[in-house]
Amino acid sequence: MLFKNAELFNIAEMQPAADGRGGYDLFRLPAEVRAGADEGLRLRTSHYTCGAEIRFVINSGTAKVTMRTAAALPNDPAPKYGQIVTYYGGVQANWQTAFYRYTDEPTVMEITPPPNLPTLEKITAISGYPYAPQVVRLCLNNSAAVLVDIEGDIRPPEEDEVPSLRGLMYGSSITHGSLALVAPNFIPAVVARNLRADICNLGFAGSCHLEKSVVDYIASRTDCDFFFSELGINVIGHMEAEEFERRVRYYLDTAASAHAGKYFFVTDIYYCSDDLRSSPKLKQFREIVRRACAESECANVHYICGLDLLTSSAGLSADLVHPNVDGMAEIARNVTEKMREVMKI
């Protein structure tokens, strides 16, 4: 969507900030989709800006972006700061401009045009980056944020200045970016760079319950060439096997079927602490995803075992669920390899 001549990538909707302090809350799902979702997604995680970007080209002068942090829940305090990582097209910004921080008060960040643009153009051509280097990309972190204002002589990127290949990744907090530490380490971001694509991050911490409204929304998307879904970790303690299987099969029958001419990748639960305990429910939930994919009438469904993506406990953080930075990198690397095999790219 567009706001003040900037593109808000991976943002589906803006609403006046719920705390009444001005600016706009940013959501990765429309209101009608959130209304049909489970409580965690409806109230909290769809408000997280993981995988979202503010994109623009500066025509002259500098741009000013004003933001502040927001509370994820109505009675929670806002985080002390949020963080942005800057790219010029596909080139990571220099030390002076790579990071911007905003606080719980409106923070004005002055954004300068890309330096040494002719050299960045050469790097872009040599490296095959799919973004034009004049496109400023402000990559937001995985917390809630309020966008207050954008000022300056700017324009949104043109169609030929961003990737033509587009995808969507749906999943848990692992897809969302928890413990990846910075936005460029999020699995969708790394896979996007590897495939030279734009990927919408629909990872939802503590959620990803395959709610009907979310499934129907993914089915309705017309802007993606491929889809990747990480299923199971957030529902294993939330519902029994029969209900999980019903939701997985509805997801495939609805979303995969709606995108029959596109690639639809599905994985199950990544390596986690329950593997160390040989949990029978973990094995059961993995088998549900594998069997549902194998029995799907949609020829575009490609199943990948989660244990082939995160292969050992060496990839886990101390909470024994979320991958550490190396684990995130391993998943992204293996996802890329599996996708390239199927998509022939």
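Heads up: the structure comes first, above all this text.
Fair warning: this is a prediction, and the values are worked out from it, not measured in the lab. (Residues numbered from 1 in each chain as written. Predicted model: local features only at pLDDT ≥ 70, side-chain atom pairs only at ≥ 80, totals over all residues. Heavy atoms only, no water.)

S.K.: Residues and numbers for the overall build of the chain, please.
M.R.: A tally of regular secondary structure across the chain gives 10 helices and 16 strands. The C-alpha radius of gyration computed for the chain amounts to 20 Å, which stays within 12% of the reference 20 Å derived for 345 residues, consistent with globular compactness. The principal-axis extent of the C-alpha atoms belonging to the chain is close to 60 × 50 × 40 Å. A buried classification covers 57% of the 345 residues belonging to the chain. Long-range pairs, those at least 24 residues apart, make up 75% of the contacts in the chain with a sequence separation of at least 6. Of the roughly 14300 Å² of accessible surface on the chain, a fraction of 51% belongs to carbon and sulfur atoms. Side-chain charges of the chain comprise 33 positive and 43 negative groups, with the mean position of each set lying 2 Å from the other. (Helix = DSSP H or I, 4+ residues; strand = E, 2+ residues; numbered from the N terminus. Rg over C-alpha atoms; globule rule 2.2 N^0.38 Å. Buried < 20%, exposed > 50% of the residue type's maximum accessible area, 1.4 Å probe, protein only. Contact = heavy atoms within 4.5 Å. Areas by Shrake-Rupley, 256 points an atom, 1.4 Å probe, with all protein chains shown as cover. Lys, Arg positive; Asp, Glu negative; His and termini not counted. Charge placed at Lys NZ, Arg CZ, Asp CG, Glu CD.)

S.K.: Kindly report on the packing of helix α7 (residues 241–258) against helix α9 (residues 280–295), identifying the contributing residues and their values.
M.R.: Look at α7 against α9: their axes get within 10 Å of each other, and the N-to-C directions meet at 30°. In terms of axis orientation, α7 runs roughly parallel to α9. The two elements α7 and α9 cross, and the hand of that crossing is right-handed. Note on element contacts: α9 touches α7 through Gln284, Phe285, Ile288, Val289, Arg291, Ala292, Cys293 and Glu295, opposite Ala241, Phe244, Glu245, Val248, Arg249 and Leu252. Residues belonging to the contact of α7 with α9 are distributed by class as follows: nine nonpolar, one polar and four charged. (Axes fitted to C-alpha atoms, helices over the stretch in contact; angles between N-to-C directions. Parallel < 35°, antiparallel > 145°, perpendicular 65-115°, else oblique. Left-handed = near helix turned anticlockwise from the far one by under 90°. Nonpolar A, V, L, I, M, F, W, Y, C, P; charged D, E, K, R; others polar.)

S.K.: Residue-level account of the sheet that holds strand β15 (residues 263–267), with values.
M.R.: Hydrogen bonds between backbone groups are what pair the strands of a sheet, and the pairing can be parallel or antiparallel. Here we have five strands laid out as an open sheet, ordered β13-β12-β14-β15-β16, and parallel in their pairing. Each edge of the open sheet is held by one strand with a lone partner, namely β13 (198–203) and β16 (301–304). Taking the axes of each pair of neighbouring strands and ignoring which way they run, one obtains an average angle of 15° across the sheet. Looking at chain direction, strand β14 (residues 226–230) and β15 are connected through five bridges and run parallel. Bridge pairing links Phe227 to Phe264 in β15. Helix-sheet contacts for α7 involve β12 (166–171), β14, β15 and β16, and the interaxial angle to β15 is about 155°. Where helix α10 (residues 325–343) meets the sheet, its contacts fall on β14, β15 and β16, and the angle it forms with β15 comes to roughly 145°. (Pairing = 2+ DSSP bridges.)

Read these as layout, nothing more, since geometry by itself doesn't imply function.
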